[in-house]
Amino acid sequence: MRAFDHRSPIVQTAVRAVFHAVLLTSLFFLVRGHNAPGGGFIAGLVAGTAFLLRYLAGEDARPGRPVPGAPRPGLVLGAGLLVAAVTAAAPLLGGGQLLESGYAHPVVPVLGEVPLASALAFDTGVYLVVVGMVLAVLSTLGAQEGTSLAPLAEDDDPGEAV
């Protein structure tokens, strides 16, 4: 039994309306963060807030996946760690130092020359790690919901040694 059995359709509609806007804002913070306030950590927290809103709205949650439409936390967290580690170690292959940043100025049609730093890839890894952690916390909370006050079954007695 969920704690949010009395779901409000007003809250659910409002959360659906702002969910994608909050995710887009987090992507703006991610891209803009290298040269201005923001970056992967802040952007990840903002994206985590979007998933937190969906969790609190209580939309069609399933056991183990309390946030509908959210990817698996372990997958996101692992991908983020992989991206951050590869980006941090990539300069070593070219004779550089760990976490050394590289720059490029690709020409994009319509936009023209766009400055691009390798730190954006590292920030993307941090972004994914933070989002994965928020989803893992929400999954843990969702998994324990309704069971913390439930009486233990005879097989689940914690004082019984195996």
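Each remark here, short or long, concerns the structure printed above.
Summary of the structure given here. (Residues numbered from 1 in each chain as written. Predicted model: local features only at pLDDT ≥ 70, side-chain atom pairs only at ≥ 80, totals over all residues. Heavy atoms only, no water.)

Examining the overall build of the protein
Let me state the cut-off plainly: Counting from the N terminus, the helices are the DSSP runs of H or I reaching at least four residues and the strands are the DSSP runs of E reaching at least two. The buried label goes to any residue with under 20% of its type's maximum accessible area, the exposed label to any with over 50%, and the partly exposed label to all in between, with areas taken from a 1.4 Å probe on protein chains only. Note on contacts: a residue pair qualifies if any of its non-hydrogen atoms lie within 4.5 Å across the two residues. Working definition of accessibility: Shrake-Rupley area with a 1.4 Å probe, residue cover restricted to the visible protein chains.
A tally of helices and strands in the protein yields 4 helices and 4 strands. Going from the N terminus to the C terminus, the protein shows its helices and strands as α-α-α-β-β-β-β-α. Out of the 162 residues in the protein, the part that is buried amounts to 29%. Within the protein, contacts between residues at least 6 apart in sequence are counted, and of these 63% link residues at least 24 apart. In the structure as shown, the protein presents an accessible area of about 10,500 Å², 68% of it carried by carbon and sulfur atoms.

Here's the deal with the environment of Val 107
Looking at where Val 107 falls in the secondary structure, it is placed in strand β2 (residues 107-108). Judged by its relative accessible area of 66%, Val 107 falls in the exposed class.

Thoughts on the packing of aromatic side chains
As a reminder of what qualifies: Within 6.5 Å between ring centres, the rings of Phe, Tyr and Trp (the latter by its six-membered ring) count as paired, and their orientation is classed by plane angle as stacked under 30 degrees, edge-to-face over 60, tilted in between.
The tally for this structure, following the rule as stated, stands at 2 aromatic pairs. Each ring, one from Phe 19 and one from Phe 51, has its centre 5.5 Å from the other, and the planes form 70 degrees; the classification is edge-to-face. Taken together, the residues span a long stretch of sequence, with Phe 19 in helix α1 (residues 9-32) and Phe 51 in helix α2 (residues 40-57) at a distance of 32 residues. When sorted by exposure, Phe 19 lands in the same class as Phe 51, which is buried. An angle of 50 degrees between the planes, with centres 6.1 Å apart, marks the rings of Phe 28 and Phe 29 as tilted.

A closer look at the environment of Val 130
Along the chain, the position of Val 130 falls in helix α4 (residues 119-144). Residue classification places Val 130 among the buried residues on the basis of a relative accessible area of 8%. Separated by 88 residues in sequence, Val 130 and Ile 42 place their C-alpha atoms 8.8 Å apart. Beyond its immediate chain neighbours, meaning those up to four positions away, Val 130 contacts Phe 41, Gly 44 and Leu 45.

Observations regarding the nonpolar core
Heads up, the rule is: What we call a nonpolar core is a set of buried Ala, Val, Leu, Ile, Met, Phe, Trp, Tyr and Cys residues that are connected through their side-chain atoms within 4.5 Å.
Counting 16 residues, the largest nonpolar core has Phe 51, Val 67, Ala 70, Tyr 127, Val 131, Leu 135 and Leu 138 as the members making the most contacts within it. Elements represented by at least two residues in this core include exactly α1, α2 and α4. Here this core takes 6 residues from α2, the largest share from any one element.

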